[in-house]
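# Summary of the model geometry
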Amino acid sequence: MSDSNAAGTPPWWRGGVIYQIYPRSFQDSNADGIGDLRGAIVRLPYLADLGVEAIWLSPFFKSPMKDFGYDVSDYRDVDPIFGTLEDFDALVAAAHDHGLKMLIDQVMSHCSDRHPWFVESRASRDNPRADWFVWADAKPDGTPPNNWLSVFGGSAWEWDTRRGQYYLHNFLVEQPDLNFHNPAVLEATLANLRFWLDRGVDGFRLDAVNFCFHDALLRDNPPHAEPAYNPAHNAATPYAWQRHVYDKSRPDNLGLLRRIRQLLNQYPGTTAIGEISDDDSLLRIAEYTSGGDKLPMAYSFDLLGPRCDARFLHSVIERFEAAVGDGWACWALSNHDVPRTATRWPAPAGVATEAWLHLIFTLELCMRGSPCLYQGEELGLSEVTLPFEALQDPFGIRMWPEVHSRDGCRTPMVWDGARPHGGFSDGPRTWLPVAPEHLARAAQAQQADPASLLNRYRNTLAWRRSHPVLRHGTMELLPADDAVLAFVRRNSDSDPERGRALLCAFNLSSRTAHYTLPATCRAAALDVAHPLPASALSGQTLVLPPCGAAFATI
C-alpha cells in the first residue's frame, strides 16, 4: 500500500507543517476567560498568513476536565465551554476556506470515569459492558493485581467498591483504561472516528496510542537496570524504573492500527498522527508507521526533553533513520505537556533568544518528517512560573513543588499587548493568568516588525516551500560534531526541480564553527536566500557564525 496518490504525488501530510491549537488558551470569544471554537475561527487568517498547512486541535469534547479534555465523557459532542457541534462544523468549514486541514485529538486508550460506558461497567460484573474496561481481582493479600505504575505517580490500579475489583488507569484515577481485547470496544472506537470523519475532519492526533492494549495475563513489568531516558516521564516518579513490556506497546496494538488505517483509506486525503511514549519510541514509530498499512505518521518525546546539543540531535536522527524504513515521523519541539522551547532549550551564552529560536525552528523544518508547531512558539513565548494557588494541572498540583506544572506552557496566547489579557479575552479573568512578560511579544506588535521572530518564522516557512526536497527528500547525516549538525536532503525523483540535493548545516554553539565536509559532499555556492546569519564556504570547509546555518546545492 503506497502513501502516494494515483499520480505518484506524496499526500499533503507527508512533509506538511502542522500547528497545534490548545483551545482553552487560544482565543476566547464569549468573555468567560476560556478559549473556544468561535475564538479559533477568528484567528484562522493569522494561521493561514503564517504559512502552516494544518491545525491540530486539542480536545474540545464533553469532559469533567479532570485532565482538561483528555478525560472524555462524550466522544461525539462538544463541551459547552468550547461551544456546540454547529460551532465545530463552522470551524472546519472556515479552516478549509483558508486552505487549512483540520486534525482533532482522539483519546482512545482511556476515557472519563463519568463516561456512560464506565458508569455501566462498574455497576456490576455481569452487565453488557462489564468487560469494556480492564478489571482484575486483588491478590490474596488485597494488593493490586501487579506492579504496573501510573504515569502520574503511584499504582496504575484503583480499587472500586461497587465491583470489589481493581480497574486499570495508566494516567489519572479518573481516566479508566478501555479493554481493547474486547472486539466491541474496538468497533465502538472506530465508530467514533467515523463520526468525526463524516463531519469533515482531515484526520486525527491519537493520544497515547501505544497504551491501547495491555497484557491479558497481567504479568509484572521487569525493572530497568537503570531508568530509561524518556522526556515524557518525570524523574520525580518511579515510572521510568520499569521496562514497560506488559502495560503498553503490546503486539496486539498493530491490529488496531491497521483497522484505523483501513478506515482512513475510505476518506481520501485524511491522516493520523500517533503520540508514542515508549522505552524506545523511535523504534516504535518505525514499527507503527512502516508498510503503509498502519499509522501514516507518529511523534515521540525524544526532542521534547532538555537536551539540544549537536551530538544528541545527531544520535536521535541517526537512530531514527536506521530504523524507520518507509515510515514517517512528525517532529515537535514543544507541545502542551512540556516546558516551552525558549525556556527548555535556552539560547547559548551571548546569543539572542530570537536568533536561537529561529535557528532551531529552521532545523526542525529541514528534518525529514512533518513539523509540528505549538501555539505561541512563533512568538518566542517562554515558560511561565505560576504560584501554587493559580495551578490547574492535576499532575502539577500533585507533584508540587518538585515538578513544574504543565500549566506553564498552557497560559493564554497574547494577541495585542495593549488590550486586557493580551487580547485573549474581554472577560474579567482568564482560566490561567496571562504572563506579563509575554505582552511585549504579542502577535500584533510582531506582525508590524519585519525583523520580529514571527516574521522570521513566516519567511522561513515560505523559504521551505521553495525547496520541495525538504518536504519529500531522503536524509543523509554527515559526520557528527560537537557544534555542528549537518545533513543532506536528497530527492531521487527525475524531475530536476525536485531532484536537487540540499546541504543543511547548523551551528548550535555560541562560537564560530569550522566544519569540514566529507570528500563525497561537493557543495556549490551557498544559498543566501534564507534569513539566517551568513556563512562562508572555503574549499571543503564551512565557516558558520554562532547560531548560523548554511544551505547549498550539491
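Everything below is about the structure printed above this text.
Nothing here was measured: the structure is a model prediction, and the numbers come from that model.

Reading the values: rules and limits
- Residues numbered from 1 in each chain as written.
- Predicted model: local features only at pLDDT ≥ 70, side-chain atom pairs only at ≥ 80, totals over all residues.
- Heavy atoms only, no water.
- Helix = DSSP H or I, 4+ residues; strand = E, 2+ residues; numbered from the N terminus.
- Rg over C-alpha atoms; globule rule 2.2 N^0.38 Å.
- Buried < 20%, exposed > 50% of the residue type's maximum accessible area, 1.4 Å probe, protein only.
- Contact = heavy atoms within 4.5 Å.
- Pairing = 2+ DSSP bridges.
- Axes fitted to C-alpha atoms, helices over the stretch in contact; angles between N-to-C directions.
- Salt bridge = Lys/Arg side-chain N within 4 Å of Asp/Glu carboxyl O.
- Expected span 1.5 Å × (residues − 1).
- Polar contact = N/O pair within 3.5 Å; in protein donor to acceptor, adjacent residues only side chain to side chain.
- Phe/Tyr/Trp six-rings, centres within 6.5 Å; stacked < 30°, edge-to-face > 60°.
- Parallel < 35°, antiparallel > 145°, perpendicular 65-115°, else oblique.
- Left-handed = near helix turned anticlockwise from the far one by under 90°.
- Nonpolar A, V, L, I, M, F, W, Y, C, P; charged D, E, K, R; others polar.
- Core = buried A, V, L, I, M, F, W, Y, C linked by side-chain atoms within 4.5 Å.
- Patch = residues over 30% accessible without salt bridge, like charges linked within 9 Å, V, L, I, M, F, W, Y side chains within 5 Å.
- Areas by Shrake-Rupley, 256 points an atom, 1.4 Å probe, with all protein chains shown as cover.

## Things to note about the overall build of the chain
The helix and strand inventory of the chain stands at 15 helices and 20 strands. Taking 2.2 N^0.38 as the reference for a compact globule, 554 residues should give roughly 24 Å; the C-alpha atoms of the chain span a radius of gyration of 23 Å, in line with that estimate. Considering only C-alpha atoms, the chain reaches an extent of 75 × 50 × 50 Å along its principal axes. The burial tally for the chain puts 60% of its 554 residues in the buried class. Residue pairs in contact within the chain that sit at least 24 positions apart in sequence constitute 70% of those at least 6 positions apart.

## Re the environment of Thr411
For Thr411, the location among the structural elements is in the loop between helix H11 (394–399) and helix H12 (443–447). Expressed as a C-alpha distance, the spacing of Thr411 and Gly164, which sit 247 residues apart in the sequence, is 41 Å. Not counting residues within four places of it along the chain, the set of residues in contact with Thr411 comprises Ser25, Val384, Leu386, Leu432, Pro433 and His438.

## Some details on the side chain of Asn170
Position of Asn170 relative to the elements: it lies in the loop between strand S8 (165–168) and helix H5 (183–198). Every residue in contact with Asn170, bar those within four places of it in the chain, is listed here: Leu149, Ser150, Val151, Phe152, Asp177, Phe211 and Asp247.

## What about the sheet that holds strand S17 (residues 513–516)?
Taken together, the 3 strands give an open sheet; going across it, the order is S17-S19-S18, and neighbouring strands pair in antiparallel fashion. On the outer flanks of this sheet lie S17 and strand S18 (536–538), each paired with one strand and no other. With strand direction ignored, the average angle separating the axes of adjacent strands in the sheet is 25 degrees. Inspection of the sheet shows S17 paired to strand S19 (residues 541–544) by 4 bridges, in the antiparallel sense. Bridge assignment links Thr516 to a residue of S19, and that residue is Thr541.

## Structural notes on the pattern of salt bridges
Applying the stated criterion across every chain, the model contains 31 salt bridges. Connected through shared salt-bridge partners, Asp67, Asp337, Asp393, Arg406 and Arg410 make up one network.

## Side note on H5
With 16 residues, H5 ought to run about 22 Å at 1.5 Å a step, and its terminal C-alpha atoms sit 23 Å apart, in line with that. Residues of H5 that are buried: Val185, Leu186, Ala188, Thr189, Leu190, Asn192, Leu193, Phe195, Trp196 and Leu197. Of the residues that open H5, the one with a side-chain oxygen 2.9 Å from the backbone nitrogen of Ala184 is Asn182. Just downstream of H5, Gly200 is the residue with a positive phi angle, here 105 degrees.

## Brief notes about the packing of aromatic side chains
If you walk through the whole model with that rule in mind, you get 31 aromatic pairs. Plain terms: the ring middles of Phe118 and Trp135 are 5.7 Å apart, the flat faces sit at 5 degrees to each other, and that makes the pair stacked. Highlighted residues: Phe118 in helix H4 (residues 116–121) and Trp135 in strand S6 (residues 135–136), separated in sequence by 17 residues. Since its relative accessible area comes to 0%, Phe118 is described here as buried.

## A word on the packing of helix H10 (residues 353–366) against helix H13 (residues 453–465)
In the contact formed by H10 and H13, the axes pass within 10 Å of each other and the chain directions differ by 25 degrees. As far as their axial angle goes, H13 and H10 are roughly parallel. In terms of crossing hand, the pair formed by H10 and H13 is right-handed. Contacts between H10 and H13 involve Glu354, Ala355, Leu357, His358, Phe361, Thr362, Leu365 and Cys366 from the first element and Leu453, Arg456, Tyr457, Thr460, Leu461, Trp463 and Arg464 from the second. Its residues assigned to classes, the contact of H10 with H13 shows 9 nonpolar, 3 polar and 3 charged.

## A look at the nonpolar core
In this structure, Tyr19, Leu47, Phe60, Phe88, Ile104, Trp196 and Trp356 are the most contacted members of the largest nonpolar core, which totals 149 residues. Membership of the second largest hydrophobic core comes to 17 residues, among which are Val484, Tyr515, Cys521 and Leu544.

## Focus: the sheet that holds strand S16 (residues 502–507)
Ordered in space as S14-S15-S16-S20, the 4 strands form an open sheet in which the pairing is antiparallel. Where the open sheet ends on each side, the last strands, each with one partner, are strand S14 (474–477) and strand S20 (549–553). Within the sheet, the average angular offset between the axes of one strand and its neighbour, ignoring direction, is 20 degrees. Inspection of the sheet shows S16 paired to S20 by 5 bridges, in the antiparallel sense. Among the inter-strand pairings, Leu503 is bridged to a residue of S20, identified as Ala552. The strands touched by H10 within the sheet are strand S15 (484–490), S16 and S20, with S16 carrying the most contacts at an inclination of about 150 degrees.

## Some thoughts on a nonpolar patch on the surface
A cluster of nonpolar residues, Phe388, Ile397 and Trp400, forms a patch on the protein surface that exposes about 270 Å² of accessible area. Looking at the element boundaries, Ile397 is found in helix H11.

## What to know about the side chain of Arg205
Relative to the helices and strands, Arg205 is located in strand S9 (residues 203–207). On the basis of relative accessibility, which here comes to 0%, the residue Arg205 falls in the buried class. A distance of 2.9 Å separates a polar atom in the side chain of Arg205 from a polar atom in the side chain of Asp207. With near-sequence residues (within four places) excluded, Arg205 lies in contact with Trp56, Tyr70, Ile104, Asp105, Gln106, Ile273, Glu275, Tyr299 and His336.

Coordinates in, geometry out; function isn't part of it.
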